[in-house]
Amino acid sequence: MGFKSFFTNLFKKKKKEQKMPLKTGIVFSGGGVRGLAYIGVMKALKEAGIEFDMTAGTSIGSFVAAMYAAGISIEEMEKKALTIRQKDFHNAKFFVLPSKTDKFEKIVGEMLEGCTFENLKKPLCVVAVDIKTGKEEHITHGNLVKAIAGSCAVPGVFNPVEFGEKRLVDGGLLNNIPADALREMGADIVISLDINPNRGYGTDSTKIIDLLKASLRVLMTSNAVNGYIHSDYIIKIDLSDFSQLKISDTQELIKRGYEGTKKVLPEIIEALNKEEADKNIKKMSKKLFAIRKQSDKLDKMTKSLSRKEKWEYVQIGKKSREENEDFEV
């Protein structure tokens, strides 16, 4: 063997030995008070010795993700959860009327006392929607409590939350399983939690509140697909027999989360034991990010156009669609 081959092989060997471990992330989806089941999920994961490098969450999932990132013990979470009542987080006399988030913010502040995005033990992304622009926001700095409250501000249940120049509402409107947020943060393997896998069902009721809830379910069904695309594995826990808005049996929710996770531990461990990131998921993620970036550019461009230019832009789009239809088989 020549000197060149010797050193080439030595370099390859060292490079292989120095391969960086894959970064892992866990995603907590939205689901209202059903999110109490996450305490059981984390208990099962902890018993199995499973830890993640980063986390993200939408709605109630953002609160749980923040507690996970802060290193708050499962025991402390469970103790607090068992004491929470409906009146503790909702101000309005009637639950069908929207409330301020100040009571909910008090609960979040007590659990995350002294925590900021910067001093959390793990990187965190809180996903919300800025109702002023209608755009999804991935929040990784700023007021942690306000960010979580905004992400949890379900329209019709809570009032929007002021966050700097933004006015935040429930992140589930656009991204109920924000696995893509962790991809953006550099996660190689993403495990997501879905506590509403049977979402999307309608209603026979003509009451406004029931129609609103059904509309939100349908809306969240389409955006949940994005989470499935970006995830290596989804832990699905059916909690459809529990209300999303009213606290009923906290202990049973925690138990369901624990048992549901224990059943699929082998699949979770298999997904986490990958030696390299899934190339198909990474490829799809890159394409989706590129499409989003291009969409944002077009949005900015059209906003700067005059009324005449916007009309011409629409006509070009129509002509392009008609030409494409001519080629359809």
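Higher on the page you've got the structure.
The model shown is predicted, which means the values in this text are computed figures rather than measured ones.

A. Focus on the packing of aromatic side chains. One pass over the full model with this rule turns up four aromatic pairs. With centroids separated by 5.1 Å and ring planes inclined at 80°, the aromatic side chains of Phe 28 and Tyr 38 adopt a geometry described as edge-to-face. Remark: Tyr 38 occurs in helix 2 (residues 37-47) and Phe 28 occurs in strand 1 (residues 24-28); sequence separation between them is 10 residues. Judged by its relative accessible area of 0%, Phe 28 falls in the buried class. Residue Tyr 38 is classed as buried on the basis of its relative accessible area of 0%. On the numbers, 6.3 Å between centres and 35° between planes, the contact of Phe 104 with Phe 158 is tilted. Taken together, the residues span a long stretch of sequence, with Phe 104 in helix 5 (residues 102-111) and Phe 158 in the loop between helix 6 (144-151) and strand 5 (161-163) at a distance of 54 residues. You can call Phe 104 buried: its relative accessible area is 9%. Between the NZ or CZ atom of Lys 43 and the centre of the ring of Tyr 258, over which it lies, the distance is 5.5 Å.

B. A look at the environment of Leu 182. Along the chain, the position of Leu 182 falls in helix 7 (residues 179-184). C-alpha separation for the pair Leu 182 and Thr 55, spaced 127 residues apart in sequence, amounts to 6.9 Å. With sequence-adjacent residues up to four places away left out, Leu 182 is seen in contact with Gly 25, Ile 26, Val 27, Met 54, Thr 55, Ala 56, Ala 187 and Val 190.

C. Here's a closer look at unusual backbone geometry. Even without being glycine, Ser 59 reaches a positive phi, approximately 55°. Accessibility expressed as a relative area gives 5% for Ser 59, which makes it buried.

D. Structural context of the pattern of salt bridges. Scanning all chains against the criterion turns up nine salt bridges. A salt bridge links Asp 232 to Lys 274; its shortest N-O distance comes to 2.7 Å. With a gap of 42 residues between them, Asp 232 in the loop between helix 8 (208-230) and strand 8 (233-236) and Lys 274 in the loop between helix 10 (265-272) and helix 11 (279-303) connect regions that are remote in the sequence. For Lys 274, a relative accessible area of 27% puts it in the partly exposed group. Salt-bridge contacts for Asp 241 lead to Arg 256; the nearest nitrogen and oxygen are separated by 2.8 Å. Of the two residues, Asp 241 sits in the loop between strand 8 and helix 9 (250-263) while Arg 256 sits in helix 9, which places them 15 residues apart along the sequence. Through salt bridges with shared partners, a single ionic network connects Arg 183, Asp 232 and Lys 274.

E. Structural detail: the nonpolar core. Counting residues in each nonpolar core, the largest one holds 67 residues, and the members touching the most others are Phe 28, Phe 63, Leu 112, Leu 124, Ile 148 and Ile 268. The leading source of residues in this core is helix 3 (residues 60-70), at nine residues. Beyond its immediate stretch of four places on either side in the chain, Phe 28 contacts Tyr 38, Met 42, Thr 55, Ala 56, Gly 57, Thr 58, Gly 61, Val 64, Ala 65, Tyr 68, Pro 178 and Leu 193. Ranked by size, the runner-up nonpolar core spans 12 residues in total, among them Val 27, Cys 125, Ile 177 and Ala 187.

F. Expanded view of the packing of helix 2 against helix 9. The N-to-C vectors of helix 2 and helix 9 enclose an angle of 40°; their axes lie 6 Å apart at closest approach. Relative to helix 9, the element helix 2 is oriented oblique. Of the two elements, helix 2 crosses helix 9, and the hand of that crossing is right-handed. Of the residues in helix 9, those touching helix 2 at Ala 37, Ile 39, Gly 40, Val 41, Lys 43, Ala 44, Leu 45 and Glu 47 are Leu 253, Ile 254, Gly 257, Tyr 258, Thr 261 and Lys 262. Class assignment of the residues belonging to the contact of helix 2 with helix 9 gives a composition of eight nonpolar, three polar and three charged.

G. Focus on helix 3. For helix 3, the buried fraction is high: 11 of the 11 residues fall into the buried class. For helix 3, every residue scored as buried is listed here: Ile 60, Gly 61, Ser 62, Phe 63, Val 64, Ala 65, Ala 66, Met 67, Tyr 68, Ala 69 and Ala 70. Count one or two residues on from helix 3 and you reach Gly 71, which has phi positive near 80°.

The rules behind the values
Residues numbered from 1 in each chain as written. Predicted model: local features only at pLDDT ≥ 70, side-chain atom pairs only at ≥ 80, totals over all residues. Heavy atoms only, no water. Phe/Tyr/Trp six-rings, centres within 6.5 Å; stacked < 30°, edge-to-face > 60°. Helix = DSSP H or I, 4+ residues; strand = E, 2+ residues; numbered from the N terminus. Buried < 20%, exposed > 50% of the residue type's maximum accessible area, 1.4 Å probe, protein only. Lys NZ or Arg CZ within 6 Å of the ring centre and 35° of its normal. Contact = heavy atoms within 4.5 Å. Salt bridge = Lys/Arg side-chain N within 4 Å of Asp/Glu carboxyl O. Core = buried A, V, L, I, M, F, W, Y, C linked by side-chain atoms within 4.5 Å. Axes fitted to C-alpha atoms, helices over the stretch in contact; angles between N-to-C directions. Parallel < 35°, antiparallel > 145°, perpendicular 65-115°, else oblique. Left-handed = near helix turned anticlockwise from the far one by under 90°. Nonpolar A, V, L, I, M, F, W, Y, C, P; charged D, E, K, R; others polar.

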